[in-house]
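Given next are the chains, with one letter for each unit.
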Amino acid sequence: MTAVEDRPADARPPRTFEDNDHKPMGYGRMLRKEDPRFVRGRGRYVDDVNLTGMLHLAILRSPVAHARILSIDTSAAEAHPKVKAVVTGETLAGLGLAWMPTLSNDVQAVLATDKVRFQGQEVAFVVAEDRYSARDALELIDVEYDVLEPVIDVRTALRPDAPVIRTDLEGKKDNHVFDWETGDKDATEAVFASADVVVQEDIVYPRVHPAPMETCGSVADYDKVEGRLTLWTTSQAPHAHRTLYAIVAGIPEHKIRVISPDIGGGFGNKVPIYPGYVCSIVGSIVTGRPVKWMEDRSENLVSTGFARDYVMRGEIAATKDGKILAIRTNVLADHGAFNGTAAPVKYPAGFFGVFTGSYDIEAAYCSMTAVYTNKAPGGVAYACSFRITEAVYLVERMVDVLAYDLEMDPVELRLKNLLRPEQFPYTSKTGWVYDSGDYEPTLRKAMEMAGYEELRREQADKRTRGEVMGIGVAFFTEAVGAGPRKDMDILGLGMADGCELRVHPTGKAVVRLSVQSQGQGHETTFAQIVAEEIGIAPDDIDVVHGDTDNTPFGLGTYGSRSTPVSGAAAALVARKVRDKARIIASGMLEVSVADLDWEKGRFSVKGDPSKSVTIQDIAMKAHGAGDLPEGVEGGLEAQICYNPSNLTYPHGAYICVVDIDPGTAKVTVRRFIAVDDCGTRINPMIIEGQVHGGLTDGVGMALMEIIAFDEDGNCLGGSLMDYLIPTALEVPDWETGFTVTPSPHHPIGAKGVGESATVGSPPAIVNAVIDALKPYGVRHADMPLTPSRVWDAMQGNATPPI
Amino acid sequence: MQVTMTVNGEQVTSEIEGRLLLVHYLRDHLKLTGTHWGCDTSNCGTCVVWMDDEPVKSCTVLAAMAGGREVRTVEGLEQGDTLDPVQQGFIQCHGLQCGFCTPGMMMTARALLDRVPDPSEHEIREAISGQICRCTGYASIVRSIQWAADHPDGLPATETADETADEVLDDAEGTTSADAETARPDGGDMAEPETATAGSTT
């Protein structure tokens, strides 16, 4: 082993490692409390649940995109010696369970009865003694299909002669889902009519998939005697799921326990209720045994919640010197066969309304049409912040298109148009109230970290030598933390979150959350939020989540809402406990509450700090012997339900540097600089990790990932051999920085960061590639910018089919 | 058919179907659920375990093929009460978020460091390039493995952060960190002094 001597050229400066273990009493770098179990392989994911007598469920799926079901013969499958049950749509129809509501008030087939409407749709299921037998028996089910013409190209879905997909909806004669508009159409038209410069571009944000490493699955255990259902499931929103199961399956809500254990990544993929979950419940009811369903990777990619799939026409009106006056867009949205978008009811296009971005403009207008196609349902997923990913991509791409036409530097153009700090709170032309922001320092910091001027010089130099290098910039404003109850609900459930905090007699504590981590590190950050407020060390605070029997109601983790909503709840419930502790302390110290000073973990008498009691002393007193102050009950605990008054608006500035091989058109992301402003920072280590992950998503979407279909509706991205996700070799070592503009309305000023990088990075990367291709006369090319697409763009064919 | 193999140092014999995949044998039969399953097509690497000293993707290895071989899983990384430096590195450098890819990443990392005690960043990235992580963006995984390379003996026992309740209970068994070092399988014989040199001189 002489590796070191073998590689003298590899000599490198000594490495230094960030000290992440600061053991803060509150905010700061702190190692994660959940890691010791994960590094030992002791995480407990749904597929790790093994119950006595447990059976296994497998789902038969449609091989075609659109067909009438003529007959299903299950006799051979039923005769399989290890098979316990075979269930079809007809069986479910008899139980009233063949259809279920989607998160957008549409309905979706649990198992198809009349027609199949996308390739991979659920047709029947088998419950058998083991995984392999269940899948064997699927092969024994004989389904006769009458294949129908599918609707695949979203642009043809509304043609009068297009086949009607949703024949199940009474009176439905077309594939129209909804029309939606926002902004002022006439005012925008007026600005466009008189503007010096108008740019227009057709931009496709292709269908992609969150593809968490753990696929979706569930273990259902129905106790007939008690009438009680326990469901272990891959859910980002266990409470919302429980309520919906109560409504769909008719099991009383108090007899349903949903447990979302460790979740192997979610990214929005685990927000909807999938037919498989319902099948596992039915399977357990009909067999009287626990039933496990765990989908395979193909099932995950072809049938569960996809993301994006917007065809957008973007337009900007501006002055000759680059002042942006108005933004307008028309969007055609592909919602697949069922409208299963997870978005607040009043927001069928999610928060796409923030497409005006970070700029000070005079007018804006968006009109959108959503249609059904013969593809899997979904739409809001993959860390999109309810469609802000699409909105930011549109505006940031369009600003670069404008820069291209005006021959302006894209940074200069942005600096000219960014909202100024004195404009906050800022009401956008589409009615969104941006809580706070100071944009220019964030962009300047990114430029400084990148060495922007030097990069431009390098690029100019390289261009003289025929080398292809690009620098891309994106500036984004997010809107997260859904949301205020007056405006936001999902299927009638208000988007507030509960939180309970109990301090035990010895001064240790347990905090119970309604949200559910899929890797975000809630067990650590929520302990830190509570520690900051109440002065009990994070290690002494147990964080309980993901179990409806042991946590208060709330809508779960997606849309970067954990910290903005549930984090606020945790801070406020801790303050409530602290208020009570203050009264008890006043009794213990025999002074009035007004005469007490608080420093983390201790109350002391004003002017005499030697007279003090710790939170631990108070906890023991609260549970111990002797009287408490008049009117104070024993115990030291509180609960709260937090209703946010507004969304929070994180922002960031990203700069990407790419090199393109002129011979192969392969794009290499050489550098990526991300400066994020998520308000108050709780654990910088975890924030950095979240940003890194999102940037990698961006590289995937910009350069590699697409769920495409052939003309027959066959999914072309049905395995990880076809759906390409970045590995360690496709991404650079990320360069991150931050600014801090706290949210004025959030109790701790935090804004949330989980999706910022996924939102902000795709336009930065695409803008870098297009910037590199400037010598080739390319103004726009659609994602994913694979070598073949970049090559085509270099040859003058920049618009591939969807 | 009957298969006999050594898993994490213990010999196991089972009656299995010939088609049973190693990943399912480990998870469903032996209840070693630290090894995960994520794709079926050898792309994601959440199922990486060692067969003899080589990392393999256990979703594309039949359990029968592991007959007579030594299999090592994530559950076999910790020695006594002492985490492998790779495990410590992942904790110290935030090398994991959801934890699903982590066991496979760590098994590959341990194999890399046994072979190349002081790998370059590119060598690390290449070593894990057959595996996917959706959470971390890889930079922190690379840092975690570099940390392990720079700390071949790990943290001193007193500094081992994040002692779980389990560990405290396990302390009764009394394995010291010194014992754990010499007990490290495979590379324990010759890689150890080399890694120590590499870690301190570069």
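Residues numbered from 1 in each chain as written. Chains lettered and ligands numbered in written order. Predicted model: local features only at pLDDT ≥ 70, side-chain atom pairs only at ≥ 80, totals over all residues.

**Student:** Give me the packing of helix H10 (residues 388–406) of chain A against helix H11 (residues 410–417) of chain A: which residues, what numbers.
**Tutor:** All names here are of chain A. At a minimum axis separation of 9 Å, H10 and H11 run at an interaxial angle of 115°. Taken together, the axes of H10 and H11 lie roughly perpendicular to each other. Handedness of the crossing formed by H10 with H11: right-handed. Where H10 abuts H11, its residues Val399, Asp400, Leu402 and Ala403 lie against Pro410, Leu413 and Arg414. The class makeup of the residues in the contact of H10 with H11 is five nonpolar, no polar and two charged. (Axes fitted to C-alpha atoms, helices over the stretch in contact; angles between N-to-C directions. Helix = DSSP H or I, 4+ residues; strand = E, 2+ residues; numbered from the N terminus. Parallel < 35°, antiparallel > 145°, perpendicular 65-115°, else oblique. Left-handed = near helix turned anticlockwise from the far one by under 90°. Contact = placed C-beta atoms within 7 Å. Nonpolar A, V, L, I, M, F, W, Y, C, P; charged D, E, K, R; others polar.)

**Student:** Report on the nonpolar core, specifying residues and quantitative values.
**Tutor:** Residues and elements named next belong to chain A. The biggest cluster of nonpolar side chains holds 313 residues, and the ones touching the most others in it are Val126, Val530, Ala570 and Val769. At twelve residues, the largest contribution of residues to this core is made by H10. Ala570 has contacts with Cys499, Val511, Leu513, Phe526, Ile529 and Val530, leaving out every residue within four places of it along the chain. (Core = buried A, V, L, I, M, F, W, Y, C linked by C-beta atoms within 7 Å. Buried ≥ 20, exposed ≤ 12 C-beta atoms within 10 Å, placed from the backbone.)

**Student:** Give me the sheet that holds strand S29 (residues 608–614) of chain A: which residues, what numbers.
**Tutor:** Residue and element names in this part refer to chain A. Taken together, the three strands give an open sheet; going across it, the order is S27-S28-S29, and neighbouring strands pair in antiparallel fashion. Of all strands in the sheet, those bounded by a partner on one side alone are strand S27 (596–599) and S29. The average undirected angle you get between the axes of adjacent strands in this sheet is 35°. With four bridges joining them, S27 and strand S28 (residues 602–605) adopt antiparallel strand pairing. Across the sheet, Glu599 pairs through a bridge with Arg602, a residue of S28. (Pairing = 2+ DSSP bridges.)

**Student:** Which residues make up helix H12 (residues 439–450) of chain A, and what values go with them?
**Tutor:** All names here are of chain A. Here H12 spans 17 Å end to end across twelve residues, near enough to the 16 Å set by a 1.5 Å rise per residue. Within the sequence span of H12, burial applies to Tyr439, Thr442, Leu443, Ala446 and Ala450. Projected down its long axis, H12 shows its buried positions confined to an angular sector of 95°, all on one face. Turning to H12, the residues buried within the fold contact H11, helix H13 (452–464), strand S21 (468–477), strand S31 (651–660), strand S32 (667–677) and strand S33 (735–738). Residue Gly451 follows H12 closely and has a positive phi angle near 70°. (Expected span 1.5 Å × (residues − 1). Arc of directions from axis to C-beta.)

**Student:** Mind laying out the sheet that holds strand S2 (residues 10–15) of chain B, listing which residues take part and the relevant values?
**Tutor:** Residues and elements named next belong to chain B. Judged by pairing direction, the sheet is mixed, and its five strands sit side by side in the order S2-S1-S5-S3-S4 without closing on themselves. Here the strands that pair on one side only, and so sit at the sheet edges, are S2 and strand S4 (54–57). Averaged over neighbouring strand pairs, the angle between their axes works out to 40° when direction is ignored. Here six bridges tie strand S1 (residues 2–7) to S2, and the two strands are oriented antiparallel to one another. Within the sheet, the bridge partner assigned to Val3 lies in S2 and is Ser14.

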